[in-house]
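An overview of the molecular structure
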Amino acid sequence: MTEKDSVDRICEQIMADGAKEVESIIDKARRTAAEIMAKAEDEAKKVGERIVEEAAEKGELAKKRALSSVSLEVRRIRLKAREEVVTVVMDQAHAAIDAARKRSDYPKVLAGLVVEGLRALGGEEFVVHADARDVGLLESAVFPAVRDAMKSEGRAVKGIEARPLPGSTAGGVQVGVPGGNVVYDNTFEARIYRFRDNVRAIIFDEIFSSEDKVE
């Protein structure tokens, strides 16, 4: 074999080895590119799904917000209507109370209110304040009935005095003891205030449905 033939074989071998190496590099590059593309497609799919999911969540959230807004508005309207009804009923109750002084049983009502105050305070001597229009009625009809009621309970009333309130009242009395600071306020206005929750409960039970009663 001549030196030229030997050189040619070496060159051919080098070229063959080079071609294999090139093919190997290209094949590896193709696999790498395929992996990158597959990963990119998978990531793109995930991103797309996430976007769709987020959009769906936002849509559902917007729907819930809209429904919540509607629910709040309905509740507000119901509460407003309910309060308007309560106001009307309370106004009618006040009107009935204002007319109580004209009723034939008003002295009996006052006597009951005075007795309630005496029971709460105890003692034997009392001062009863009332609207100036009722002072004469206290002395003529109410106090005798009060004395009889307390006597039936085994309590003697040694002294009971009627005095006018400084201002007007729808009716009722304030009961105290001479020189004392404790006053049992049994005017109609005070009783309505004390029993306001009870009055509202009665209105709700008699007028509103269970749905309307929900706060």
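Our structure's up above, just so we're on the same page.
Structural notes, computed from the coordinates. In this text the structure is predicted, and so the values were computed from the model without any measurement.

**Focus on the overall build of the chain**
A count of helices and strands for the chain gives 6 helices and 4 strands. Counted from the first residue to the last, the chain has its helices and strands arranged as α-α-β-α-β-β-β-α-α-α. Taking all 215 residues of the chain together, the buried fraction comes to 21%. Looking at the chain as shown, the accessible area adds up to about 15,100 Å², and 57% of this sits on carbon and sulfur atoms.

**A few points about helix α2 (residues 106-121)**
The end-to-end C-alpha separation of α2 is 23 Å, in line with the 22 Å expected for 16 residues at 1.5 Å each. For α2, every residue scored as buried is listed here: Y106, L110, A111, L113, V114, V115, G117 and L118. Next to the buried residues of α2 lie β1 (125-130), α3 (135-152), β2 (159-164), β3 (172-176), β4 (183-187) and α4 (188-194).

**Some details on the pairing of β2**
Relative to β2, β1 runs parallel, the two sharing 6 bridges. Within β2, the residue paired with F126 across the bridge is I160.

**What about a negative patch on the surface?**
A grouping of E49, E53, E54 and E57 is seen on the molecular surface, where their side chains present a negatively charged patch. With respect to the helices, strands and loops of the structure, E53 is situated in helix α1 (residues 3-98).

**Section: the packing of aromatic side chains**
To describe a pair of aromatic rings, one takes the distance between the centres and the angle between the planes. Across all of its chains, the model carries 1 aromatic pair by this definition. With a centroid separation of 6.4 Å and 75° between ring planes, the pair formed by Y106 and F188 is classed as edge-to-face. Here F188 lies in helix α4 and Y106 lies in helix α2, a separation of 82 residues in the sequence. Here the two residues Y106 and F188 agree in accessibility, since each one is buried. Between R194 and the ring centre of Y184, over which it is positioned, the NZ or CZ distance is 5.5 Å. In this structure, R196 packs its charged tip against the face of Y193, placed 4.0 Å from the ring centre.

Rules behind the numbers
- Residues numbered from 1 in each chain as written.
- Predicted model: local features only at pLDDT ≥ 70, side-chain atom pairs only at ≥ 80, totals over all residues.
- Heavy atoms only, no water.
- Helix = DSSP H or I, 4+ residues; strand = E, 2+ residues; numbered from the N terminus.
- Buried < 20%, exposed > 50% of the residue type's maximum accessible area, 1.4 Å probe, protein only.
- Areas by Shrake-Rupley, 256 points an atom, 1.4 Å probe, with all protein chains shown as cover.
- Expected span 1.5 Å × (residues − 1).
- Contact = heavy atoms within 4.5 Å.
- Pairing = 2+ DSSP bridges.
- Patch = residues over 30% accessible without salt bridge, like charges linked within 9 Å, V, L, I, M, F, W, Y side chains within 5 Å.
- Salt bridge = Lys/Arg side-chain N within 4 Å of Asp/Glu carboxyl O.
- Lys, Arg positive; Asp, Glu negative; His and termini not counted.
- Charge placed at Lys NZ, Arg CZ, Asp CG, Glu CD.
- Phe/Tyr/Trp six-rings, centres within 6.5 Å; stacked < 30°, edge-to-face > 60°.
- Lys NZ or Arg CZ within 6 Å of the ring centre and 35° of its normal.

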